Amino acid sequence: MTTTIELDAATGMPGDTEGCCALSAGPLASVEAERIASLLKALSDPTRLRLLSHVAAQGCESVCACDLTEPLGISQPTISHHMKKLVDAGLLTREQRGRWAHYSLIPAAFAELRAFLDLA
């Protein structure tokens, strides 16, 4: 199957501007780009996305690392490794309670990502 896209003669861009979009916040400064890249890099692993989704599903409640091994079928050392990456990126907080770590979302990090990804 072949798709043909007609280009505007003046701009060389696709003629249908209805689907056109731009970043609502404008271009990023170097520091902002580094920050967003670190967030996206942390999210670029399927295991981390699964872990994050389990934490996010609890809303404002923290999640014990001990409660993630069985439902995800992942070993505790693997969970610790990936959760550390999410904490280091600033997406989660970690609180030690006895021998187990408990994790919570950092809403401001997701607001930052939403703002960046807001295409208007």
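Below, the structure is looked at part by part. If you're wondering where the values come from, they're calculated on a predicted model, not measured in any experiment.

Calculation criteria
Residues numbered from 1 in each chain as written. Predicted model: local features only at pLDDT ≥ 70, side-chain atom pairs only at ≥ 80, totals over all residues. Heavy atoms only, no water. Axes fitted to C-alpha atoms, helices over the stretch in contact; angles between N-to-C directions. Helix = DSSP H or I, 4+ residues; strand = E, 2+ residues; numbered from the N terminus. Parallel < 35°, antiparallel > 145°, perpendicular 65-115°, else oblique. Contact = heavy atoms within 4.5 Å. Nonpolar A, V, L, I, M, F, W, Y, C, P; charged D, E, K, R; others polar. Pairing = 2+ DSSP bridges. Salt bridge = Lys/Arg side-chain N within 4 Å of Asp/Glu carboxyl O. Buried < 20%, exposed > 50% of the residue type's maximum accessible area, 1.4 Å probe, protein only.

## Section: the packing of helix 2 (residues 46–56) against helix 4 (residues 76–88)
Part 1 of the reasoning: Interhelical geometry of helix 2 versus helix 4 gives an angle of 80° and a closest axis separation of 10 Å. Overall, the two elements helix 2 and helix 4 adopt an arrangement that is roughly perpendicular. Residues Thr47, Arg48, Leu51, Leu52 and Val55 of helix 2 form the contact with helix 4, whose own contacting residues are Ile79, His81, His82, Met83, Lys85 and Leu86.
Part 2 of the reasoning: Considering only residue class, the contact of helix 2 with helix 4 consists of 6 nonpolar, 3 polar and 2 charged.

## What about the sheet that holds strand 2 (residues 92–97)?
Part 1 of the reasoning: If you trace the 3 strands from one edge of the open sheet to the other, you get 1-3-2, paired in antiparallel fashion. The open sheet is flanked by strand 1 (63–64) and strand 2, the only strands paired with a single partner.
Part 2 of the reasoning: Strand direction decides the pairing type here: strand 1 and strand 3 (residues 100–105), joined by 2 bridges, are antiparallel. Note that in strand 3 the partner of cysteine 64 across the bridge is histidine 102.
Part 3 of the reasoning: Packed on one face of the sheet, helix 2 meets strand 1, strand 2 and strand 3 and runs near 80° to strand 3.

## Brief notes about the pattern of salt bridges
Part 1 of the reasoning: Under the criterion given, the structure shown has 3 salt bridges.
Part 2 of the reasoning: For the salt bridge of glutamate 112 with arginine 35, the shortest nitrogen-to-oxygen distance reads 3.2 Å. Highlighted residues: glutamate 112 in helix 5 (residues 107–117) and arginine 35 in helix 1 (residues 30–43), separated in sequence by 77 residues.
Part 3 of the reasoning: Residue classification places arginine 35 among the partly exposed positions, given a relative accessible area of 29%.
Part 4 of the reasoning: Put simply, arginine 97 and glutamate 95 hold a salt bridge, and the shortest N to O gap is 3.4 Å.
Part 5 of the reasoning: The class for arginine 97 is partly exposed, based on a relative accessible area of 38%.

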